[in-house]
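Here is how the chains run, residue by residue.
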Amino acid sequence: QVHLVESGGGLVQAGGSLRLSCAASGRTFSNYPMGWFRQAPGKGRDFVAAISGSDSNTYYADSVKGRFTISRDNANNTVYLQMNSLKPEDTAVYYCAATSSTRWGTRSVYEYFYWGQGTQVTVSS
């Protein structure tokens, strides 16, 4: 079992930055690729970014590429999402999630099996 807790959300003006954190507890953190997803009101949960377990390879949704950066600190069981040049359309609840190494490369919510409770990000225009 892996327990995930997000933090760092808030209200920011367009063009601003936020850094989300996701603290993990439970099984060996470095074994798990981690992802960030987001869900806007009335919409489905969309993939944002992912990072592999031990070698920190990354990939991103086209909508955030060049603006967001995912990283991890395996010594402190934490994954981060640095969000720069924020836009109003980035407003959503952001979730971190864990998957298995055999599912590395997936963008599907159904392939991630541990989830945090989410943190709200609101970008004002």
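This structure is a prediction, so every number in the text was calculated from the model and none was measured.

What counts, and at which threshold
Residues numbered from 1 in each chain as written. Predicted model: local features only at pLDDT ≥ 70, side-chain atom pairs only at ≥ 80, totals over all residues. Heavy atoms only, no water. Helix = DSSP H or I, 4+ residues; strand = E, 2+ residues; numbered from the N terminus. Rg over C-alpha atoms; globule rule 2.2 N^0.38 Å. Salt bridge = Lys/Arg side-chain N within 4 Å of Asp/Glu carboxyl O. Buried < 20%, exposed > 50% of the residue type's maximum accessible area, 1.4 Å probe, protein only. Pairing = 2+ DSSP bridges. Axes fitted to C-alpha atoms, helices over the stretch in contact; angles between N-to-C directions. Core = buried A, V, L, I, M, F, W, Y, C linked by side-chain atoms within 4.5 Å. Contact = heavy atoms within 4.5 Å. Disulfide = S-S within 2.5 Å. Polar contact = N/O pair within 3.5 Å; in protein donor to acceptor, adjacent residues only side chain to side chain.

Some remarks on the overall build of the protein
Stage number 1. Within the protein, the secondary structure is distributed over zero helices and 11 strands.
Stage number 2. Tracing the protein from N to C terminus, the helices and strands come up as β-β-β-β-β-β-β-β-β-β-β.
Stage number 3. Against the globule reference of 14 Å for 125 residues, the protein gives a C-alpha radius of gyration of 13 Å, in line with a compact fold.
Stage number 4. Along the three orthogonal principal directions, the C-alpha set of the protein runs to about 40 × 25 × 25 Å.

Details of the pattern of salt bridges
Stage number 1. Applying the stated criterion across every chain yields a total of four salt bridges.
Stage number 2. Of the charged contacts, one joins Arg 67 and Asp 90 as a salt bridge, the two residues approaching to 2.8 Å between their closest N and O atoms. One end of the pair, Arg 67, is in the loop between strand 6 (58–60) and strand 7 (68–73); the other, Asp 90, is in the loop between strand 8 (78–83) and strand 9 (92–98), and 23 residues separate them in sequence. Exposure class is identical for Arg 67 and Asp 90. Each is buried.
Stage number 3. Across the pair Arg 103 and Glu 111 runs a salt bridge whose closest N-O atoms are separated by 2.7 Å.
Stage number 4. Within this structure, Arg 38, Arg 67 and Asp 90 form a network of salt bridges that share partners.

Points about the sheet that holds strand 1 (residues 2–7)
Stage number 1. Within the open sheet, the four strands sit side by side as 1-3-8-7. Their pairing is antiparallel. With partners counted over all chains shown, the strands left at the sheet margins are strand 1 and strand 7, one partner each. With direction set aside, neighbouring strand axes in the sheet form an average angle of 15 degrees.
Stage number 2. Pairing of strand 3 (residues 18–26) with strand 8, which is carried by six bridges, proceeds in the antiparallel orientation. Residue pairing across strands places Ala 23 opposite Thr 78, the latter belonging to strand 8.

Some words on the nonpolar core
Stage number 1. Counting residues in hydrophobic clusters, the biggest one holds 36 residues, and the most contacted among them are Leu 4, Met 34, Trp 36, Leu 81, Met 83 and Tyr 94.
Stage number 2. Among residues more than four places away in sequence, those in contact with Leu 4 are Cys 22, Ala 23, Ala 24, Met 34, Cys 96, Ala 97, Ala 98, Tyr 114, Trp 115, Gly 116 and Gln 117.

So, the pairing of strand 3
Stage number 1. Pairing geometry for strand 1 and strand 3, over six bridges, is antiparallel. Within the sheet, the bridge partner assigned to Val 2 lies in strand 3 and is Gly 26.

Regarding the state of the cysteines
Stage number 1. Applying the stated criterion to the full structure yields one disulfide.
Stage number 2. Bridging Cys 22 to Cys 96, the disulfide has an S-S length of 2.0 Å. Disulfide Cys 22-Cys 96: the torsion about the S-S bond is 50 degrees, which places it as right-handed. Within this pair, whereas Cys 22 is found in strand 3, its partner Cys 96 is found in strand 9, the two being separated by 74 residues in sequence.
Stage number 3. The class of Cys 22 is buried, set by a relative accessible area of 1%.

With respect to the side chain of Asp 90
Stage number 1. On the accessibility criterion, Asp 90 (0% relative accessible area) is buried.
Stage number 2. Engagement of the side chain of Asp 90 in a polar contact is seen with the side chain of Arg 67, the distance being 2.8 Å.
Stage number 3. Only 2.8 Å separates the side chain of Asp 90 from the backbone nitrogen of Lys 87, close enough to count as a polar contact.

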